[in-house]
Amino acid sequence: MDEELSTVFKALGHPIRRQILDILKQSPKTTGELDEYFPDVTRYAIMKHLRILEEGNLVVVRREGKYKRNFLNAVPLQEMHNRWVGKYMQTTASSLLNLRSTVRQKGGKEKMSEFRIEQELFIDAPREEVFKALTEKVEDWWEFRIAPKGVTSHFTFDPVPGGQFIETWGENEGAIWGNVYYVNAPAEIRLFGHLGMQGAVNSAYTYRLLEKEKGTVLQLSHTASGVIQEQWEQEHKKGWDYLLGNLLKNYVEKK
């Protein structure tokens, strides 16, 4: 498998070969037709590039009469995608692509920035109880709401890969606070979600729970990147401190 990937990476390593794949994505082409796209490149060089693409299984050649027609084979690219982008990370990858697209469409006028929040606190309770409070019992202590003012909403949190942390109100209204893409209960859970931020933003947060004496050390990591408003980092720092250091801690320790 690794040897096959090496030939794919080699095939993708030259800009002309990547251009050839872009052309073949639109429709199959004969070698002569491809040659016309590169007036400054010799036919011999184009044939050499095609041979390397064929060795990487990215191009399939079929003879039609006296001509050879070149077809794009996207299977190796899909295999690369499957290896490094699991199904629970596809939404994150798509979010990043949408973010880049949005910024490009605005001519790069929006200022890109990022922030990272790291917090740690001790909770005088077993790790299993803290993990359960963070997930299945989040409705009991999480105060922040997206629902319209005066409307009662409810939270559910399914702590499995592909699960969601959701706020719902009304019959068909709600908001997703997080999508779960990694779980190692009760030691760690990772999610991605906007957490109140709007627009072209990619955000992810992780809870890690470490056993210490008879209690639990809860570590939070929250990263966000994109078109971020200046006050968001400070607001989220204060918000996490209140949610975890006050509401969650008091909820678990008083049980």
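Nothing here was measured: the structure is a model prediction, and the numbers come from that model.

It is worth spelling out the overall build of the chain at this point. When you go through the chain residue by residue, the secondary structure sums to eight helices and ten strands. Burial status across the chain gives 38% buried among its 255 residues.

Attention now goes to the pattern of salt bridges. Applying the stated criterion to the full structure yields seven salt bridges. Between Lys 237 and Glu 233 there is a salt bridge whose closest N-O contact spans 3.6 Å. Of the two residues, Lys 237 and Glu 233 are both situated in helix H8 (residues 232-253); the distance of four residues between them amounts to about one turn of the helix. Here Lys 237 falls in the partly exposed class, since its relative accessible area comes to 33%. Among the charged side chains, a network of salt bridges with common partners joins Glu 188, Arg 190 and Arg 208.

For the chain, per-residue confidence averages 86 on the pLDDT scale, and 87% of positions sit at 70 or higher. Per-element confidence in the chain ranges from a low mean pLDDT of 61 for helix H6 (residues 90-105) to a high of 97 for helix H7 (residues 127-134).

Turning our eyes to something else, we now look at the nonpolar core. Core analysis: the largest hydrophobic core is formed by 37 residues, its most contacted members being Trp 141, Trp 142, Tyr 207 and Leu 244. Within the residue set of this core, elements represented by two or more residues are strand S4 (113-123), H7, strand S5 (154-157), strand S7 (173-184), strand S8 (188-192), strand S9 (201-212), strand S10 (215-226) and H8. Not counting chain neighbours up to four residues away, the residues in contact with Leu 244 comprise Leu 121, Leu 134, Trp 141, Tyr 207, Leu 218, Leu 220 and Lys 249.

So, on to the environment of Lys 132. By the element assignment, Lys 132 lies in helix H7. With a relative accessible area of 40%, Lys 132 lands in the partly exposed category.

A few words now on the sheet that holds S5. Each strand in a sheet pairs with its neighbour through backbone hydrogen bonds, running either in the same direction (parallel) or in the opposite one (antiparallel). Taken in spatial order, the seven strands of this open sheet run S4-S10-S9-S8-S7-S6-S5, and their pairing is antiparallel. Edge strands, defined here as strands with exactly one partner in the open sheet, are S4 and S5. Taken over all neighbouring pairs, the strand axes of this sheet differ in orientation by 20° on average, direction set aside. Here twelve bridges tie S9 to S10, and the two strands are oriented antiparallel to one another. Of the residues in S10, the one forming a bridge with Lys 212 is Gly 215. Its contacts with the sheet put H7 on S4, S5, S7, S8, S9 and S10, and the angle it makes with S9 is roughly 155°. The strands that H8 touches are S4, S9 and S10; relative to S4, the one it contacts most, it runs at about 20°.

Parameters and conventions
Residues numbered from 1 in each chain as written. Predicted model: local features only at pLDDT ≥ 70, side-chain atom pairs only at ≥ 80, totals over all residues. Heavy atoms only, no water. Helix = DSSP H or I, 4+ residues; strand = E, 2+ residues; numbered from the N terminus. Buried < 20%, exposed > 50% of the residue type's maximum accessible area, 1.4 Å probe, protein only. Salt bridge = Lys/Arg side-chain N within 4 Å of Asp/Glu carboxyl O. pLDDT = per-residue confidence, 0-100. Core = buried A, V, L, I, M, F, W, Y, C linked by side-chain atoms within 4.5 Å. Contact = heavy atoms within 4.5 Å. Pairing = 2+ DSSP bridges. Axes fitted to C-alpha atoms, helices over the stretch in contact; angles between N-to-C directions.

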